[in-house]
Amino acid sequence: MTGLIAAPFTPLLPNGELNLCRISGYAARLTHDGVSGAFICGTTGEGVSLTTDERRQVAAAWCEARSPKLKVSRPIRRSSAIWRTKRPCGEPESTLRLS
């Protein structure tokens, strides 16, 4: 992935449940603002607090909501400033260097 990559938060309801309906607006806004990728469930902290099923639901919501211009990745492994990522929308795995 290249270009501007956002690390969006996972929208939650006050009771801590996922608020997946907010993701479509978030994806549209990122695309409108010229962001080329979203690194979901990765760097804002809540990703490690979500269950595997919740992370899958978040990934599915992002894949459904994104435009073709917005790439979606999620972490599968991290070493220093290099993240091994999986693209849940049917694209190949990649490496994301944080600089």
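Residues numbered from 1 in each chain as written. Predicted model: local features only at pLDDT ≥ 70, side-chain atom pairs only at ≥ 80, totals over all residues. Heavy atoms only, no water.

1. Brief notes about the overall build of the protein chain
Phase 1: Check the secondary structure of the protein chain and you find two helices and five strands.
Phase 2: Burial statistics for the protein chain: of 99 residues in total, 34% are counted as buried.
Phase 3: Looking at the protein chain alone, contacts between residues at least 24 apart form 56% of all its contacts between residues at least 6 apart.
Phase 4: For the protein chain, the computed accessible surface area is about 6,000 Å², with 51% contributed by carbon and sulfur atoms. (Helix = DSSP H or I, 4+ residues; strand = E, 2+ residues; numbered from the N terminus. Buried < 20%, exposed > 50% of the residue type's maximum accessible area, 1.4 Å probe, protein only. Contact = heavy atoms within 4.5 Å. Areas by Shrake-Rupley, 256 points an atom, 1.4 Å probe, with all protein chains shown as cover.)

2. A closer look at the nonpolar core
Phase 1: Counting 16 residues, the largest nonpolar core has Leu30, Ile40, Val58, Trp62 and Leu70 as its most contacted members.
Phase 2: For this core, the secondary-structure elements that each account for two or more residues are α1 (23-32) and α2 (52-65).
Phase 3: Considering every element that reaches this core, the biggest residue donor is α2, with four residues.
Phase 4: Contacts of Leu70, omitting those with residues within four sequence positions, involve Ala27, Leu30, Thr31, Val35, Ser36, Gly37, Ala38 and Trp62. (Core = buried A, V, L, I, M, F, W, Y, C linked by side-chain atoms within 4.5 Å.)

3. Quick word on the confidence of the model for the protein chain
Phase 1: Per-residue confidence for the protein chain gives a mean pLDDT of 80; residues scoring 70 or more make up 75%.
Phase 2: The secondary structure element of the protein chain with the lowest average pLDDT is strand β5 (residues 94-97), at 50, and the one with the highest is α1, at 96.
Phase 3: Residue range residues 79-83 is modelled with pLDDT below 50. Its contacts to residues more than four positions away, or to other chains, number 17 contacts. (pLDDT = per-residue confidence, 0-100.)

4. Quick notes on the side chain of Asn19
Phase 1: Here Asn19 lies in the loop between β1 (5-6) and α1.
Phase 2: For Asn19, the residues in contact, after removing those within four places along its chain, are Pro11, Leu12 and Leu13.

5. Let's talk about the side chain of Thr10
Phase 1: Position of Thr10 among the secondary structure elements: in the loop between β1 and α1.
Phase 2: Leaving out residues up to four positions away in the same chain, Thr10 has contacts with Leu18, Cys41, Glu46, Leu50 and Val58.

6. A few points about α1
Each turn of an α-helix holds 3.6 residues, which means side chains three or four residues apart point in the same direction.
Phase 1: By the burial criterion, the buried members of α1 are Ile23, Ala27 and Leu30. All buried residues of α1 fall inside an arc of 65° around its axis, so they share one side. In α1, the exposed residues that point more than 90 degrees away from the buried face are Arg29 and His32.
Phase 2: Directly beyond the C-terminal end of α1, a positive phi value near 85° is found at Gly34. (Arc of directions from axis to C-beta.)

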